[in-house]
Amino acid sequence: MSPRGRLPRLLSRIYSARPVFRPVGGFIWAIRNARPLVYGNPLYPLFLVGRAPQNIIFTPPDPWPGNAERGNAILAGEFPFFGETAHGDESLWSPRGLSPAWSEGLHGFSWINDLHVIGSDAARRRARILVGDWIGEHRFWSPLAWRSDVTGDRIAAWLGQYDFFCASAEEDFRGEVFKSLARQARHLARTAGWETRGARRLRAIRGLIYAGICLPNGRRWLARGLRLLSREIDRQILPDGSHFERCPRLQLSILKLFIDIRACLAGAKVEVPPTLQ
């Protein structure tokens, strides 16, 4: 094979995001340390290009009520997460002096539910503005915003609240949302199974399953998500049903995550794995 023919195959292997060696004795996969070189490379966005969906084929159920107090704060330009608050939209996506946990909460977009519980046109417009801002600011990979658990949370939030903030929006906005969702899902399919550990990995897998159920032609994402879910349940859930980290707060969040996945699968008439029965 000529060098010209080898290059696309080599790049495809690099961007498949598989570890270049198996961890031995607790060593971290080389690809984790190479993420800025791999995903931050100007070529990487080319591997996220593909046909964008025009609609969603299923809207996940949303069993958890939002927080109206926080929703009103976001309407007023305040963003309170994990005991910290940012004020105003300027430099919102890269603030100074706030913790990584705060940034995870912001980029994960679960707070759209807080705007939904208000239900006003102002809340709907606010959600659209913030989603549009994120898309404009994060067309390229960055370590936190595109990390697999945060991406999984964001995909689940956007799809779960699609009817609230996106269904009645203008066609151009919907097109940008679908294009971004497809790019995020393609990236997540490469990273969900290895980039993070523990409960974070489960959050990434939930986003991949949601994308596979809700977006057209997502069967491969769904199949991969279900395989990863089965593997991680075997690894992380102990025989007594508790999570291996034995943290009550984490246990509750994982239980809610499993309820979300099960409700989404059942609502879409996809067979629920025995591990979630």
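Above this text you will find the structure in question.
One structure accompanies this document, and this report is about it. (Residues numbered from 1 in each chain as written. Predicted model: local features only at pLDDT ≥ 70, side-chain atom pairs only at ≥ 80, totals over all residues. Heavy atoms only, no water.)

**A short note on the overall build of the chain**
Put simply, the rule is: Helix numbering and strand numbering both begin at the N terminus, where a helix is a DSSP run of H or I of at least 4 residues and a strand a DSSP run of E of at least 2. When checking whether two residues touch, look at their non-hydrogen atoms; a contact exists if any pair is within 4.5 Å.
Along the chain, the regular secondary structure elements total 13 helices and two strands. A separation threshold of at least 6 residues defines the contact pool for the chain, and within that pool the share at least 24 residues apart is 67%.

**Quick word on the side chain of Arg206**
Here is the rule we go by: For every residue, the accessible area (1.4 Å probe, protein chains only) is compared with the maximum for its type, and the residue is labelled buried under 20%, exposed over 50%, or partly exposed between those bounds.
Mapped onto the fold, Arg206 is located in helix α11 (residues 198–214). Arg206 gets classed as buried once you look at its relative accessible area, which sits at 13%. Ignoring sequence-local partners within four residues, the contact set of Arg206 consists of Asp153, Ala156, Leu257, Asp260 and Ile261.

**Describing the nonpolar core**
The condition is simple: The definition of a nonpolar core used throughout is a set of buried Ala, Val, Leu, Ile, Met, Phe, Trp, Tyr and Cys residues joined through side-chain atoms within 4.5 Å.
The biggest cluster of nonpolar side chains holds 72 residues, and the ones touching the most others in it are Trp158 and Phe165. Tallying contributions element by element places α11 first for this core, with ten residues. Every residue in contact with Phe165, bar those within four places of it in the chain, is listed here: Ile112, Arg124, Ala127, Arg128, Val131, Trp158, Phe173 and Val177.

**A closer look at the packing of α11 against helix α12 (residues 219–236)**
Quick reminder of the rule: In this analysis, axes come from line fits to C-alpha atoms, helices being fitted only over the stretch in contact, and the angle between any two N-to-C directions falls in the range 0 to 180 degrees. With respect to orientation, any angle under 35 degrees is reported as roughly parallel, any angle over 145 as roughly antiparallel, any angle of 65 to 115 as roughly perpendicular, and every other angle as oblique. Handedness of a helix crossing follows the sense of rotation of the near helix relative to the far helix, less than a right angle counterclockwise being left-handed and clockwise being right-handed.
Packing of α11 against α12 brings their axes to within 8 Å, and their N-to-C directions diverge by 155°. The angle between the axes of α11 and α12 places the two elements in the roughly antiparallel class. Between α11 and α12 lies a crossing whose hand is left-handed. For the pair formed by α11 and α12, the contact residues are Gly198, Ala199, Arg201, Leu202, Ile205, Leu208, Ile209, Ala211, Gly212 and Ile213 on the first element and Arg219, Trp221, Leu222, Arg224, Gly225, Leu226, Leu228, Leu229, Arg231, Glu232, Arg235 and Gln236 on the second.

**Quick word on the packing of aromatic side chains**
Note the threshold: Pairing of aromatic rings covers Phe, Tyr and the six-membered ring of Trp, with a centre-to-centre limit of 6.5 Å; geometry is then stacked below 30 degrees between planes, edge-to-face above 60, and tilted otherwise. Only when the NZ of Lys or the CZ of Arg is both within 6 Å of the ring centre and within 35 degrees of the ring normal is a charge said to sit over the ring.
Scanning all chains against the criterion turns up ten aromatic pairs. Judged by centre distance (6.2 Å) and plane angle (35°), the rings of Trp134 and Trp146 are tilted. Residue Trp134 is located in helix α7 (residues 121–137), and its partner Trp146 is located in the loop between α7 and α8 (148–160); the two are separated by twelve residues in the primary sequence. Judged by its relative accessible area of 0%, Trp134 falls in the buried class. Using a relative accessible area of 1% as the deciding quantity, one classes Trp146 as buried. Here a set of aromatic residues connected by ring pairs shows up, and it is made of Trp93, Phe109, Trp111, Trp134, Trp146 and Trp158. Cation over ring: Lys256 sits above Trp64, and NZ or CZ is 4.8 Å from the ring centre.

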